[in-house]
Amino acid sequence: MRQLLLRPGAGELNYEIRGIVKKARMIEELGYPITWENIGDPIQKNNTIPEWMKEIVSSLVQEDQTYGYADSKGMMATRRFLANLTNQKGGVQIGPEDILFFNGLGDGIAKLYQFLIPTARIIGPSPAYSTHSSAEAAHANTRPLTYNLDPDNNWYPDMEDLYNKVKYNDSIVGILIINPDNPTGMVYPREVLDRFVEIAREFNLLLIADEIYQNITYNGYEAISLAEILGNDLPGISLKGISKEFPWPGSRCGWMEFYNQHTSEEFTKLCTTLENAKMIEVCSTTLPQLAIPKIMSHPAYREYRKTANAAIGIRSRIMEEVLGQVRGIKFNKTKGAFYNTIIFEEGVLDENQFLPIPDARVQKHLDQWLQEKEMPHDKRFVYHLLAAERICVVPVSSFCSELRGFRVTLLEENEDVFRNTFERLARSIHTYLNSSKDVLVDS
């Protein structure tokens, strides 16, 4: 080509969560079933949608308005309903004009970073959720800026690390919080959230909270929303959606809630720009927007969510029982969302470790995968696990982290299958770590 086609940051757009699927499909084509632990899709894990919810969607399909455009910002009745839910928390008060719908939260995240100037940086947590970190890096033409989550302290953020990075980098204009967190399953206590607000207030920053898992907590933990702790003097954006909570990932329906729009001229401009961009696009999907008030106000909804959360909580305890005592890893019990991130202890991984692969065809695939240059050690483990046990997980190194480990889900509805999966995983960790003469981890 006579000109370069891609901006420098485009190379940061990667999504190992789905990228690993290509390799898993190779194994599947050889006749092996795959245990999918790579992506947070409840439907893939046979989550049953209640009949009353299906009836609401079915009835909406019979209405002509479902087939038309929505308001550019989103259906007014739905925005009023959602604003009221936020206002009931007693914190920041918003109206329907403070809510903007997108075709899935990923669409909203992409547009948020798209309209920031390249020198304006949003610092987010590491391990990072790839949709955020890749989009932030692409807009800035460089690697994403991150603060560390600490696996030795319940995956809570290292606030000293965050503070120093903000203090000594004046390109940082905002802080991203993911609460409950993906990929760690951590839920922020109030004192941590208050510290985020203090830092934002000291340096006059925007706070962005990805709260798509806000209503998915269990075992006695509850998530505190950004609206409850932000106050009235700081700009904030909450990112929400229905793909995980209903769950309805195929709806591609998410929204932003703008808090304290008029506290900053620059923030007002950003909100207006995002609204104008949506007007050019026309609107977001109509059907799921119409369904939101009907589903969330249904008499059975609260009990449905309570039951679903309790089931995830049971699976989290099974995971803790199976993996909590495995040598060579750092295990933290998950408190929210439906993920857990397991970290290998320092020094237990090397390039000589392996899992036995009895099928030569699978071994051939694995040998090809392992030719990748400068492969992180956790990625080597993930590839061996996929080849040997047909369990598909995601390496932590793909979450913009210097830590080495892997992320799994808590979505499998069948508890016997769930337990079996993680027992196989525990055995594989033990076998893999003890397969090299240079590393020995006792059972």
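Before any of the text, the structure's been laid out above.
As the structure is a computational prediction, the values presented were derived from the model and not from experiment.

**With respect to the overall build of the protein**
Consideration 1: Along the backbone of the protein there are 14 helices and 14 strands.
Consideration 2: Relative to a compact globule of 443 residues, whose C-alpha radius of gyration would be 22 Å, the protein shows 22 Å and is just as compact.
Consideration 3: Considered along the principal axes of its C-alpha atoms, the protein spans approximately 65 × 55 × 55 Å.
Consideration 4: Buried residues in the protein amount to 58% of all 443 residues.
Consideration 5: Total accessible area on the protein is roughly 19,600 Å²; 49% of this is exposed by carbon and sulfur atoms.
Consideration 6: Side chains of the protein carry 47 positive and 58 negative charges; the gap between the two charge centres is 3 Å.

**Points about empty space enclosed by the protein**
Consideration 1: Enumeration over the complete set of coordinates arrives at one cavity of 30 Å³ or more.
Consideration 2: Lining of the largest cavity is provided by 15 residues; of these, Gly-124, His-132, Ser-133, Leu-145 and Leu-176 occupy positions nearest its centre.
Consideration 3: Taken together, the elements giving at least two residues each to the lining of the largest cavity come down to β3 (121-126), α5 (130-140) and β6 (172-178).
Consideration 4: Sorting elements by how many residues they give to the lining of the largest cavity places β3 first, with four residues.
Consideration 5: Here the lining of the largest cavity is built from residues that sort into 10 nonpolar, four polar and one charged.

**Observations concerning the pairing of β3**
Consideration 1: The buried fraction of β3 is high, at six of six residues.
Consideration 2: In this structure, β3 lies alongside β6, joined through three bridges in parallel fashion. The partner of Arg-121 across the bridge, within β6, is Ile-172.
Consideration 3: Pairing analysis gives three bridges linking β3 to strand β4 (residues 146-150), with the strands arranged parallel. Considered in β4, the bridge of Gly-124 is made with Thr-146.

**Here's the deal with the packing of helix α4 (residues 105-114) against helix α9 (residues 265-281)**
Consideration 1: Running from N to C, α4 and α9 point in directions that differ by 125°, and their axes come no closer than 10 Å. Put simply, α4 runs oblique to α9. The interaxial crossing formed by α4 with α9 has right-handed handedness. From α4, Asp-107, Lys-111 and Leu-112 reach across to α9, where they touch Leu-270, Leu-274, Lys-278 and Glu-281.

**Description of the sheet that holds β4**
Consideration 1: Taken in spatial order, the eight strands of this open sheet run β2-β9-β8-β7-β6-β3-β4-β5, and their pairing is mixed. Of all strands in the sheet, those bounded by a partner on one side alone are β2 (99-102) and β5 (156-157).

**So, the pairing of strand β8 (residues 236-241)**
Consideration 1: Where burial is concerned, most of β8 is hidden: six out of the six residues are buried.
Consideration 2: Burial of the side chains of β8 extends over both faces: Gly-236, Ser-238 and Lys-240 are buried on one face and Ile-237, Leu-239 and Gly-241 on the other.
Consideration 3: As judged from the four bridges shared by strand β7 (residues 206-210) and β8, these two strands associate in the parallel manner. Its bridge partner being in β8, Ile-208 is matched across the sheet by Ile-237.
Consideration 4: Strand direction decides the pairing type here: β8 and strand β9 (residues 254-259), joined by six bridges, are antiparallel. Its bridge partner being in β9, Leu-239 is matched across the sheet by Met-256.

**Some points on unusual backbone geometry**
Consideration 1: Between Ser-126 and Pro-127 the backbone carries a cis peptide bond, its omega angle lying at 5°.
Consideration 2: Within the fold, Pro-127 resides in the loop between β3 and α5.
Consideration 3: A cis amide bond links Asn-179 with the next residue in sequence, Pro-180, at an omega value of -5°.
Consideration 4: Residue position: Pro-180 is located in the loop between β6 and α7 (190-203).
Consideration 5: Positive phi, close to 60°, is recorded for Asn-154, a residue that is not glycine.
Consideration 6: With phi around 65°, Trp-155 is a residue other than glycine that occupies positive phi space.
Consideration 7: In this structure, Trp-155 sits in the loop between β4 and β5.
Consideration 8: Trp-155 gets classed as buried once you look at its relative accessible area, which sits at 1%.

**Things to note about the sheet that holds strand β11 (residues 339-344)**
Consideration 1: Here four strands make up an open sheet; going across it, the order is β10-β11-β14-β13 and the pairing antiparallel. Where the open sheet ends on each side, the last strands, each with one partner, are β10 (329-330) and β13 (394-395).
Consideration 2: Bridge count between β13 and strand β14 (residues 405-409): two bridges; the pairing is antiparallel. From the neighbouring strand, Val-394 faces β14, where its bridge partner is Arg-407.
Consideration 3: Across the face of the sheet, helix α14 (residues 415-433) comes into contact with β10, β11 and β14 while running at roughly 170° to β14.

Thresholds applied
Residues numbered from 1 in each chain as written. Predicted model: local features only at pLDDT ≥ 70, side-chain atom pairs only at ≥ 80, totals over all residues. Heavy atoms only, no water. Helix = DSSP H or I, 4+ residues; strand = E, 2+ residues; numbered from the N terminus. Rg over C-alpha atoms; globule rule 2.2 N^0.38 Å. Buried < 20%, exposed > 50% of the residue type's maximum accessible area, 1.4 Å probe, protein only. Areas by Shrake-Rupley, 256 points an atom, 1.4 Å probe, with all protein chains shown as cover. Lys, Arg positive; Asp, Glu negative; His and termini not counted. Charge placed at Lys NZ, Arg CZ, Asp CG, Glu CD. 1 Å grid on protein atoms, 1.4 Å probe; cavity = no way out; pocket = protein on both sides within 12 Å on 5 of 7 lines; lining within 4 Å. Points joined across faces, edges and corners; volume = space filled by probe spheres on them. Nonpolar A, V, L, I, M, F, W, Y, C, P; charged D, E, K, R; others polar. Pairing = 2+ DSSP bridges. Axes fitted to C-alpha atoms, helices over the stretch in contact; angles between N-to-C directions. Parallel < 35°, antiparallel > 145°, perpendicular 65-115°, else oblique. Left-handed = near helix turned anticlockwise from the far one by under 90°. Contact = heavy atoms within 4.5 Å.

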